[in-house]
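One letter stands for each residue in the lines below.
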Amino acid sequence: MMVDPTLAEMGKNLNEAMKILEDGGKASEPDADRRQFSRSSIPGPLQGDGQDVASILQLVQNLMHDDEEEDKPSHRMQNVGEQGHMALLGHSLAAYISVLDRERLRKLITRIASDTTLWLCRLFRYESGSAYYHEDDREGLLKVCRLVINTRYEDYSTEGYTVLNSRQPVIYQSATCRPGLGQHLCSQLGLPLSSLCTVPCNTIFGSQHQMDIALLDKLIREDVETGKLPLLLIANAGTPGAGHTDKLGRLKELCEQYGMWLHIEGVNLATLALWEVSSPVTAATRSDSMTLTLGPWLGLPAVPAVTLYRHEDPALSLAAGLTSSQPVEKLRALPLWLSLQYLGHDGIVEKIRHAVELSQQLLEKLKTLASIKTSGVVSLSRIPPISGGSLRDLLGSLILSIVEDELNSPVVVFRFSQETSAESSGGSVEGYFAGEREVLDSLNRWLCEQLAQLVPASGVDIVELEDEGTCVRFTPLMTAAALGTQRCDVDLLVERLIELIPVLNCTLRLRLDFREEVYRHSALSYIEDLSWPGLGAVRYEPRIEELNDSKRQLEVEKINSELLVKLGDLDADLIFSTGLEFGPEKDCIFIGMATEDLDVAELVDTIAALGRDIEENGRLLENMTEVVRKGIQEAEFQLQKDNQDKLMEEGVLRQIPLVSSVLNWFSPFQSTVKGRTFNLAAGSLDSTEPTYSMKAQTGGLASPETPTSSAKRLPGQRLFQREGAGGSDSHSETSSVGQAEDLSRERFPQPTPPSPVPDEAVSVVPESPETPQRPPTQENGEVGTQEGEEEEREPEGQEAPVEETGR
């Protein structure tokens, strides 16, 4: 088989380039050389001789990884497999094919475009359709709108926008469509915003994310009566937020009734490739057009989106821009053409099936968790009361309100919602205190961040829904192919979720206790910040009234900053921070998530006590200069006075060097001048006589670092834990206190006074240079020899010394 050498070289270079770029910073050069190479190459001028391919690829790699630091986790990049390499190869081939001669180029692009369109129409059950390939996923809908305008307004090609004045066109979209989609269409088409009509969703029956068909019918009739032209309806087969599908069959009937164009988009369109498809999604095959985003579904990088449409007039399609006479523009389908052939029909179906199974696996496990609510679950509070109705009527209304495609949607949306004991009412604790909705939103935002960090392969993200609030979204069709998500990742996600649910429950329950405890302290101010996921925020207010507002603000900032540092040094399981980066509250201390064994009262007492110590120490430091100055003056005066008193007591002779030594030898002199100590806290001079007499400081034992006594804590029990939550169960309160007393006694022994010696028990033995002294024995507090004790034998030739007693 003959192989084009250029194609072979292109494939070889692509493989080498991908190996270098996917190296992730493991280049052969040292890191310092890489950074220097990238920094020096960016701003410099072009080199005269140019660079080789390897150097240029190395530069690209350095630019990709230069901002990564060693201490920060690297961002997880898309898993580019072999099918991804084929897509990237398609872009290189498109550039190479574009230089062929015109006739050969025309034949090649016609084959590529026809093959790709045929495969996609068969794969997604869209018969007799045409395809438009575009980079921006909104561009296909924009071209379809131009096609519909050219179709409905016959003189549009000659008269232009003036024909729109006769009957204003109206584009209808659901309230759950992508934000800014309708505004983008109006701006690109030159239509006023009055041409855009947003249809609300259901409020009582059905999913709250589906378009209200009855209201849509009413809006269309009103527009027709006012002389407007219903032009196009944008429906969802998988809303961007919750992944719900509109009633596509009923919407198609409504569009046929009023002569409107039906366009469908959404992630659920991917399930059309499966053998078993839910009935709501199957109705999408009857639509006039639909947009497919195959890149995220199949994990293909840089492949275009595809809009499939049905229209019989090729001239109008050419006028709308859906087809082009330029052969190069048709090469957009080349990366997709290569990737589809590499994957094959079975490979494409398997990727989509795997993503749907991951969603079903997670949904089944979430239904077993009491504190987790999935989107689309029908609440009894939403069912209106039926007066005089039977149980059959109530059940019939309930069945009508169930979302048909809830189990078939590949999008799983869930949120934490703490349940109450009154489960029979079908409600939750939401609303039992003011602002509880905002608090739950912040907790769910924290939950999603933790899950995304603990299980990065899951690809969960945050979604804001109008009725539910902040939720966690799992969309494997958009992320599984790129991240390589497997069933074990879903199991790990559920395990981490089960571990985090008790933390969320405890934090939500203890928030009220924390607020009440803060209110009991006059020096603390409770900061109401509903967007903070944690116990709450508190600020220490110093008791300084004489300062103005600016100085007081500086004092508050200083004290709370030091308090935050001290709290962070404590041996506790809590996290103390300054809050969100762009939060409204400043100079506060934000307490993070709590656990079941947290002692809220001890926590608040510790914060207040530490703040009080910092404030008192701050006052002491402020007065330190004046205190030290006065103390130094007093010390100098006392030293001068002591020197004068010492001179008067010793006399003039003792001041002469030689005479003083002789005089002190014959007549020792003991001065009555005492030492002095300077007490910084009291700012006074004290005598050192008590210190030397007792051989220890008498100012009291050293205080512990924290106001809470660690001596009352059981072994293994951490700070702010309730008694019994940590440590051994065999330790009772009495034993723990006794151990604390023994420990305190060992650390700080009490001074022992000297024992008195009776005069009659003292024996005086004259010292003799030839006779060694016997050490006296002690018994019962007496010093001397005992009666009846045998004397030691002396060596022969020596007489025993004569012992004189004081008797």
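Note that this is a predicted model, so its numbers are computed, not measured.

So, on to the pattern of salt bridges. If charged atoms from side chains of opposite charge come close, those side chains can pair. Inspection of the entire model under this criterion finds 18 salt bridges. Across the pair Asp101 and Arg104 runs a salt bridge whose closest N-O atoms are separated by 3.6 Å. Asp137 is the partner of Arg178 in a salt bridge, and the nearest nitrogen-oxygen pair spans 3.0 Å. Here Arg178 is found in the loop between strand E2 (169-174) and helix H8 (181-189), whereas its partner Asp137 is found in the loop between strand E1 (130-134) and helix H6 (139-152), with 41 residues between them in sequence. Arg178 sits in the partly exposed class, given a relative accessible area of 22%. In this structure Asp137 comes out as partly exposed when scored by relative accessible area, which is 29%. Linked by salt bridges that have partners in common, Asp137, Arg178 and Glu265 make up one network.

Sheet strands line up and pair through hydrogen bonds in the backbone, either parallel or antiparallel. The 4 strands lie next to each other as E12-E13-E15-E14, forming an open sheet whose pairing is antiparallel. The open sheet terminates on both sides in strands that have one partner only, identified here as strand E12 (524-527) and strand E14 (576-577). Helix H18 (residues 487-519) contacts E12, strand E13 (536-540) and strand E15 (589-591) of the sheet and is inclined by roughly 150 degrees relative to E12.

Running from amino to carboxyl end, helix H9 (residues 213-225) crosses helix H10 (residues 248-258) at an angle of 10 degrees, the nearest separation of the two axes being 11 Å. One way to sum up the angle between H9 and H10 is to call them roughly parallel. Of the residues in H10, those in contact with Ile213, Leu216, Asp217, Ile220, Arg221 and Val224 of H9 are Arg250, Leu251, Leu254 and Tyr258. When its residues are assigned to classes, the contact of H9 with H10 shows 7 nonpolar, no polar and 3 charged.

Over its 13 residues, H9 runs 18 Å from end to end, which matches the ideal 18 Å to within 8%, given 1.5 Å per residue. Of the residues making up H9, those classed as buried are Ile213, Leu216, Asp217, Leu219, Ile220 and Asp223. All buried residues of H9 lie within an arc of 165 degrees about the axis, which places them on one face of the element. In this structure, H9 carries Ala214 and Glu225 as exposed residues pointing more than 90 degrees from its buried face. Along its buried surface, H9 packs onto E2, strand E3 (196-199), strand E4 (229-236) and H10. Sitting at the amino-terminal end of H9 is Asp212, which places a side-chain oxygen 3.3 Å from the backbone nitrogen of Ala214.

So, on to unusual backbone geometry. Even without being glycine, Ser128 reaches a positive phi, approximately 55 degrees. Phi angles above zero are rare outside glycine, and Ala302 is one such case at about 60 degrees. Here Ala302 is to be found in the loop between helix H12 (294-298) and strand E7 (305-309). Ala302 sits in the partly exposed class, given a relative accessible area of 45%.

Turning next to the sheet that holds strand E8 (residues 372-374). The strand order across the open sheet built from 4 strands is E8-E9-E11-E10, with neighbouring strands paired in antiparallel fashion. Where the open sheet ends on each side, the last strands, each with one partner, are E8 and strand E10 (461-465). Adjacent strand axes in the sheet meet at a mean angle of 40 degrees when their direction is disregarded. Sheet topology places strand E9 (residues 412-416) next to strand E11 (residues 469-474); 3 bridges connect them, and they run antiparallel. Its bridge partner being in E11, Val413 is matched across the sheet by Arg473. H18 contacts E8, E9 and E11 of the sheet and is inclined by roughly 30 degrees relative to E9.

The N-to-C vectors of helix H16 (residues 436-454) and H18 enclose an angle of 150 degrees; their axes lie 10 Å apart at closest approach. The orientation of H16 with respect to H18, classified from their angle, is roughly antiparallel. Of the two possible hands of crossing, H16 and H18 adopt the one that is right-handed. Along its contact with H16, which presents Glu436, Val439, Leu440, Leu443, Trp446, Leu447, Gln450, Leu451 and Leu454, the element H18 presents Leu493, Arg496, Leu497, Leu500, Val503, Leu504, Thr507, Leu508 and Arg511. Within the contact of H16 with H18, the residues separate by chemical class into 13 nonpolar, 2 polar and 3 charged.

Averaged over every residue, the pLDDT of the protein chain is 76; residues scoring 70 or more account for 67%. Predicted confidence is poor over residues 24-43, with pLDDT under 50, and the contacts of this stretch with residues over four places away or in other chains come to 27 contacts. Confidence drops under pLDDT 50 across residues 697-704; counting only partners more than four residues distant or on other chains, this segment forms 3 contacts.

Turning next to the environment of Gln188. As for its position among the elements, Gln188 is in helix H8. Sequence separation between Gln188 and Glu139 is 49 residues, and the spatial gap between their C-alpha atoms is 9.9 Å. Leave out the neighbours within four places in its chain, and Gln188 touches Leu142 and Arg146.

The rules behind these values
- Residues numbered from 1 in each chain as written.
- Predicted model: local features only at pLDDT ≥ 70, side-chain atom pairs only at ≥ 80, totals over all residues.
- Heavy atoms only, no water.
- Salt bridge = Lys/Arg side-chain N within 4 Å of Asp/Glu carboxyl O.
- Helix = DSSP H or I, 4+ residues; strand = E, 2+ residues; numbered from the N terminus.
- Buried < 20%, exposed > 50% of the residue type's maximum accessible area, 1.4 Å probe, protein only.
- Pairing = 2+ DSSP bridges.
- Contact = heavy atoms within 4.5 Å.
- Axes fitted to C-alpha atoms, helices over the stretch in contact; angles between N-to-C directions.
- Parallel < 35°, antiparallel > 145°, perpendicular 65-115°, else oblique.
- Nonpolar A, V, L, I, M, F, W, Y, C, P; charged D, E, K, R; others polar.
- Expected span 1.5 Å × (residues − 1).
- Arc of directions from axis to C-beta.
- Polar contact = N/O pair within 3.5 Å; in protein donor to acceptor, adjacent residues only side chain to side chain.
- Left-handed = near helix turned anticlockwise from the far one by under 90°.
- pLDDT = per-residue confidence, 0-100.

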